[in-house]
Number of protein chains: 4
Amino acid sequence: MHQEEHASATDNRRTIEHATHIRVRYADTDQMGLVYYGKYFEYFEVARTEMLRAFGLPYAEIERAGYGLPVRDASARYFRGATYDDLLRITARMKAEATTRLEISYTVHLDATNELVAEGATTLVFVSKATGRPTKPPEIYRQALEECTKVLKC
Amino acid sequence: MHQEEHASATDNRRTIEHATHIRVRYADTDQMGLVYYGKYFEYFEVARTEMLRAFGLPYAEIERAGYGLPVRDASARYFRGATYDDLLRITARMKAEATTRLEISYTVHLDATNELVAEGATTLVFVSKATGRPTKPPEIYRQALEECTKVLKC
Amino acid sequence: MHQEEHASATDNRRTIEHATHIRVRYADTDQMGLVYYGKYFEYFEVARTEMLRAFGLPYAEIERAGYGLPVRDASARYFRGATYDDLLRITARMKAEATTRLEISYTVHLDATNELVAEGATTLVFVSKATGRPTKPPEIYRQALEECTKVLKC
Amino acid sequence: MHQEEHASATDNRRTIEHATHIRVRYADTDQMGLVYYGKYFEYFEVARTEMLRAFGLPYAEIERAGYGLPVRDASARYFRGATYDDLLRITARMKAEATTRLEISYTVHLDATNELVAEGATTLVFVSKATGRPTKPPEIYRQALEECTKVLKC
């Protein structure tokens, strides 16, 4: 398991990978004593935000550049419950490609034992805020991706 | 306890009152088996939205008219826990006055037994979206309030 | 679209269907001005709770009988955003079978226009609270299902 | 402002203080583009959990010792909105006393500019899980507090 950003390469289909740690809040649990199933989609959000930041592109900048990145589909599978105060490691992965559709997958592990808690996937789509329609990724995104590839970090 | 909008009058300081029912979701509970303390502020939001709607003014219209209504302060006291699937009755109350500051108080009861679960208060302030500054309530709000007073519903 | 519980039958694979209405809270929206993508899983929870209640079995009773019903997987597809104060109609559907795995699908419509907002699916598994292991559904569940089938409501 | 645990002393009424950083999630914002007012109570939870951990007592241990620590009252005042991706610094403060009622106050600052975003307070009460009634703090809590005082960390 990789705790930081990482790129595994087969030439032009490189994979970006980044791990984020989240501690389970009391608010995240339900009366079953486990993290509520819908909460994992919020953890996925944090993980992809931090992955984008790690390779040079805070999501907030994408919005400032006039783009939105709404979620088109999302899924999760749950293998074991996480409990209050657990330290979770959420790893997000995506292809280092500047495409309109952004497919990101996730794994959630208990950091202490490395046990798999859940896995998931989301598809996001670049849209222009002006038109509301799908569009190519913004120039800043493509540059960040290219820069990242050059320095071999992804 | 009044289940619907209601006005008790001492001439120009009338009180508007409105009760809304909310069923506790699994997502609302925490591992203590009770509704998470921060969740009540969301219940208060629902109750004040329904109170405004009941006397003729959906909050969405206030926003469309160019106004915001941010919360300035909020508080709650908790008397007993509410549990999953409980039907709660949230009663919101405010003075029928068109002032910049909107002071709303709330009580939360278990509907089945009438037991008091919690009480709370919020202060909201009308702001102009253009300037971001506090302002008099919009004309539509003052008219709704006046209309409401005329027909003696509040 | 059916607003209430409903059963379409091809002998022993009957489908139960139930619609629940949920009004979008301010808390449910994000800065994109739309309902946050993870929130729909909470709406799904409400819809399946109300479906179970509609055919005679509140979920709380399942827990009291010593069973849990954790979610094993969940997914959603988003077709258009829902906004603050929208009235949504969430329809849940499942086969009227007393199996260990409970597969429920959902559709979310804007009630005013009947436009499709999202669809989704969850798999839940009956587990014994004592052992934590998957198990046959509780007797009360099988009886409720049988009763429901007899009276032709499902 | 202190970024770490800190104790200011006037003999036996010492104050414990601890700061925690939280980055605002997209899920935390609402359509006003700001953090939803009820969300701050979740931030307060994180801050007090980390404060207790910092002086040697994870809250999870309090529960394992057979105690609960429900919130009796909570309040917040909002001075300016926080936005998506802001790094917030939540400082929690309490008296270093082993009393049944735990009064904790909070301030929320934008970490980058040190601007005050919000302040708040909560009262929690030690209860025995066995009886559900208020009780003296558990021995482990009193020892942690005493230890902490000895080594002058609080």
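Residues numbered from 1 in each chain as written. Chains lettered and ligands numbered in written order. Predicted model: local features only at pLDDT ≥ 70, side-chain atom pairs only at ≥ 80, totals over all residues.

Overview of the overall build of chain A
Scanning chain A from terminus to terminus reveals 3 helices and 8 strands. Sequence-ordered secondary structure for chain A, helices as α and strands as β, is β-β-α-α-β-β-β-β-β-β-α. (Helix = DSSP H or I, 4+ residues; strand = E, 2+ residues; numbered from the N terminus.)

Considering the nonpolar core
Judged by nonpolar contacts, the single largest core of 171 residues is most densely connected at Ile90 of chain A, Ile90 of chain B, Ile90 of chain C together with Ile90 of chain D. Non-local contacts of Ile90 of chain A, meaning those with residues more than four positions away in its chain, are made with Ala19, Thr20, Ile22, Tyr43, Phe44, Val46, Ala47, Tyr106 and Val108 of chain A. (Core = buried A, V, L, I, M, F, W, Y, C linked by C-beta atoms within 7 Å. Buried ≥ 20, exposed ≤ 12 C-beta atoms within 10 Å, placed from the backbone. Contact = placed C-beta atoms within 7 Å.)

Quick notes on the pairing of strand 7 (residues 116-125) of chain D
Sheet faces and side chains relate simply in a regular strand, where the side chains alternate between the two faces. Residues and elements named next belong to chain D. With 7 bridges connecting them, strand 4 (residues 71-78) and strand 7 associate as antiparallel partners. In the sheet register, Ala74 faces strand 7, and the bridge partner there is Thr122. Across 9 bridges, the pairing between strand 6 (residues 101-110) and strand 7 is antiparallel. Of the residues in strand 7, the one forming a bridge with Ser105 is Ala121. (Pairing = 2+ DSSP bridges.)

Quick look at the relation of the copies chain C and chain D
Expressed as a screw operation, the relation of chain C to chain D combines 0.0 Å of axial shift with a rotation of 180°, fitting to an RMSD of 0.0 Å. Read as a symmetry element, the transformation amounts to a two-fold axis. Most of the interface of chain C is mirrored in chain D, where 100% of its interface residues are also at the interface. (Least-squares fit on C-alpha atoms with pLDDT ≥ 70 in both.)

Quick notes on the interface of chain C and chain D
Residue-level contacts link 9 residues of chain C with 9 residues of chain D. The class makeup of the residues in the side of chain C that touches chain D is 4 nonpolar, 4 polar and 1 charged. (Nonpolar A, V, L, I, M, F, W, Y, C, P; charged D, E, K, R; others polar.)

Quick word on helix 1 (residues 40-54) of chain C
All names here are of chain C. Under the 1.5 Å per step criterion, the end-to-end length of helix 1 is 21 Å for 15 residues, consistent within 8% with the ideal 21 Å. Most of helix 1 sits inside the fold, with 13 of its 15 residues counted as buried. Positive phi appears at Gly56, one or two residues downstream of helix 1, with a value of about 100°. (Expected span 1.5 Å × (residues − 1).)

A few points about the relation of the copies chain C and chain A
With an axial shift of 0.0 Å and an RMSD of 0.0 Å, the rotation relating chain C to chain A amounts to 180°. When the interface residues of chain C are mapped onto chain A, 100% of them again fall at the interface, so both copies present the same face.

Topic: the environment of Lys95 of chain D
Residues and elements named next belong to chain D. With respect to the element layout, Lys95 can be found in strand 5 (residues 87-95). Looking at Lys95, the number of C-beta atoms within 10 Å reads 16, which means it is partly exposed. Through-space distance from the C-alpha of Lys95 to that of Phe41 is 20 Å; in sequence the pair is 54 residues apart.

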